[in-house]
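# Coordinate analysis (summary)
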Protein chains: 2
Amino acid sequence: MTDVDALAALGALAHPTRLDAFRLLVRHEPAGLSTGQLVEASDLTQSTFSTHLAVLVKAGLVKPEKRGRQMIQRANLDVLRALMLFLAKDCCQGRQELCEPLLAELTCC
Amino acid sequence: MTDVDALAALGALAHPTRLDAFRLLVRHEPAGLSTGQLVEASDLTQSTFSTHLAVLVKAGLVKPEKRGRQMIQRANLDVLRALMLFLAKDCCQGRQELCEPLLAELTCC
DNA sequence: GAAACATATCGGTTTTTTACGATGGGAGTT
DNA sequence: AACTCCCATCGTAAAAAACCGATATGTTTC
């Protein structure tokens, strides 16, 4: 993951509507949700939400898939993992003791 | 870490200047760098960089400390860890197999 | 083919962000 | 006290983001 990719992912998640939508999609893995269902879950217009969704898709965090006349949206956890690894690399620069607390907490899952 | 905190941290890192500055500070832990040194490392005006720095501080990612007539800026790795944990919680919702690849890669450090 | 449906895109307005020079205030120096 | 240095803040202009209604595109249904 390059800096540009990480900036796109960070920016995509840095908005309440998009963060909510992404987390909703994560909770609905691997089935996904239609765009319309996501619009309903938000309190925004269909067109406004569509542009938010486009930001998530452009960042690679969401992968759309055609199904009949509707689009099924699915979270791309690979990109989320790549983003976390990107951040972790900063955290761990040479000093492993800095990230050990993180690993300890992450073993919760 | 609340949603509001996470959004602030994501937004703070979602800018090339601020991401660069934060990573530079991480690499200079635990000594930190003065604001002036950070300005030099950027290609921006002192005033412009100051507002960027304020965003990082507001998000808690950077902790300023007075030293004489200059400010020493230090990265707050606790907030970075909290942010990563916040993202990981989404990733791991109930399904531990989703985060195992991440943990495997993180053991690099 | 016409109608209904799901989603994307186009204009346009409002709000927010970014960037700069200039100014101000606190902290050392002479 | 006057001066210099470091940094924050103010005022402002330009750029980007957010939001909406209206329209366009492609798909199923009748």
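Above this text sits the structure in question.
Computed from a predicted model, the values in this text were never measured in an experiment. (Residues numbered from 1 in each chain as written. Chains lettered and ligands numbered in written order. Predicted model: local features only at pLDDT ≥ 70, side-chain atom pairs only at ≥ 80, totals over all residues. Heavy atoms only, no water.)

### Things to note about the interface of chain B and chain A
Contact with chain B, which involves 37 residues of that partner, is made by 38 residues of chain A. Together chain B and chain A conceal approximately 3,700 Å² of surface at their shared face, both sides included; 77% is due to carbon and sulfur atoms. One can count four salt bridges joining chain B with chain A. Here Arg23 of chain B makes a salt bridge to Asp3 of chain A, at a shortest N to O gap of 2.4 Å. Here chain B is connected to chain A by two residue pairs in polar contact (both at pLDDT 80 or more). When contributions to the side of chain B that touches chain A are tallied by element, the ones reaching two or more residues are α1 (3-13), α2 (16-27), α5 (77-91) and α6 (100-106) of chain B. Considering every element that reaches the side of chain B that touches chain A, the biggest residue donor is α5 of chain B, with eleven residues. (Contact = heavy atoms within 4.5 Å. Buried area = accessible area lost by both parts, 1.4 Å probe. Salt bridge = Lys/Arg side-chain N within 4 Å of Asp/Glu carboxyl O. Polar contact = N/O pair within 3.5 Å; in protein donor to acceptor, adjacent residues only side chain to side chain. Helix = DSSP H or I, 4+ residues; strand = E, 2+ residues; numbered from the N terminus.)

### So, the sheet that holds strand β1 (residues 33-34) of chain B
Residue and element names in this part refer to chain B. Here three strands make up an open sheet; going across it, the order is β1-β3-β2 and the pairing antiparallel. Both outer strands of the open sheet, β1 and β2 (62-67), are each paired with one neighbouring strand and no more. Bridge count for β1 against strand β3 (residues 70-75) is two bridges, and the pairing is antiparallel. Of the residues in β3, the one forming a bridge with Ser34 is Ile72. Of the strands in this sheet, β2 and β3 are in contact with helix α4 (residues 46-58), which crosses β2 at around 115°. (Pairing = 2+ DSSP bridges. Axes fitted to C-alpha atoms, helices over the stretch in contact; angles between N-to-C directions.)

### Considerations on the side chain of Thr17 of chain B
Residue and element names in this part refer to chain B. Take Thr17: it is sitting in helix α2. Note on Thr17: relative accessible area 16%, which makes it buried. With residues near it in sequence (within four places) discarded, Thr17 still touches Leu44, Phe49 and His52. (Buried < 20%, exposed > 50% of the residue type's maximum accessible area, 1.4 Å probe, protein only.)

### A short note on the protein's contact with DNA strand D
Taken together, 19 residues surround DNA strand D, and among them Thr48 and His52 of chain A together with Gly36, Gln46 and Ser47 of chain B come closest. A distance of 2.7 Å is found between a phosphate oxygen of DNA strand D and a backbone nitrogen or oxygen belonging to Gly36 of chain B. A distance of 3.5 Å separates a sugar or linking oxygen of DNA strand D from a polar atom in the side chain of Arg69 of chain B. Elements with a minimum of two residues in the surface near DNA strand D: α4 (46-58) of chain A together with α3 (35-41), α4 and β3 of chain B. Here the surface near DNA strand D is composed, by residue class, of two nonpolar, 13 polar and four charged. (Near = heavy atom within 4 Å. Nonpolar A, V, L, I, M, F, W, Y, C, P; charged D, E, K, R; others polar.)

### Remarks on the pattern of salt bridges
For the structure on display, the rule yields ten salt bridges over all chains. A salt bridge links Arg81 of chain A to Asp78 of chain A, with the nearest nitrogen and oxygen atoms 2.8 Å apart. Of this pair, Arg81 of chain A and Asp78 of chain A are both found in helix α5 (residues 77-91), three residues apart, which corresponds to roughly one turn of the helix. The salt bridge partner of Asp20 of chain B is Arg23 of chain B, with a shortest N-O separation of 3.9 Å. Here the residue Asp20 of chain B and the residue Arg23 of chain B both occupy positions in helix α2, the gap between them amounting to three residues, near one helical turn.

### Observations concerning the environment of Gln70 of chain A
Residues and elements named next belong to chain A. Along the polypeptide, Gln70 turns up in strand β3 (residues 70-75). On a C-alpha basis, the gap between Gln70 and Pro30 in space is 17 Å, while along the polypeptide they are 40 residues apart. Filtering out sequence-adjacent residues up to four positions away, Gln70 remains in contact with Ser34 and Glu65.

### Quick look at the nonpolar core
Counting 74 residues, the largest nonpolar core has Leu13, Phe22 and Leu61 of chain A together with Leu13, Phe22 and Leu61 of chain B as its most contacted members. When sequence neighbours within four positions are dropped, the list of residues in contact with Leu61 of chain B reads Ala9, Ala12, Leu13, Phe22, Leu56, Arg74, Ala75, Asn76, Val79 and Leu80 of chain B. (Core = buried A, V, L, I, M, F, W, Y, C linked by side-chain atoms within 4.5 Å.)

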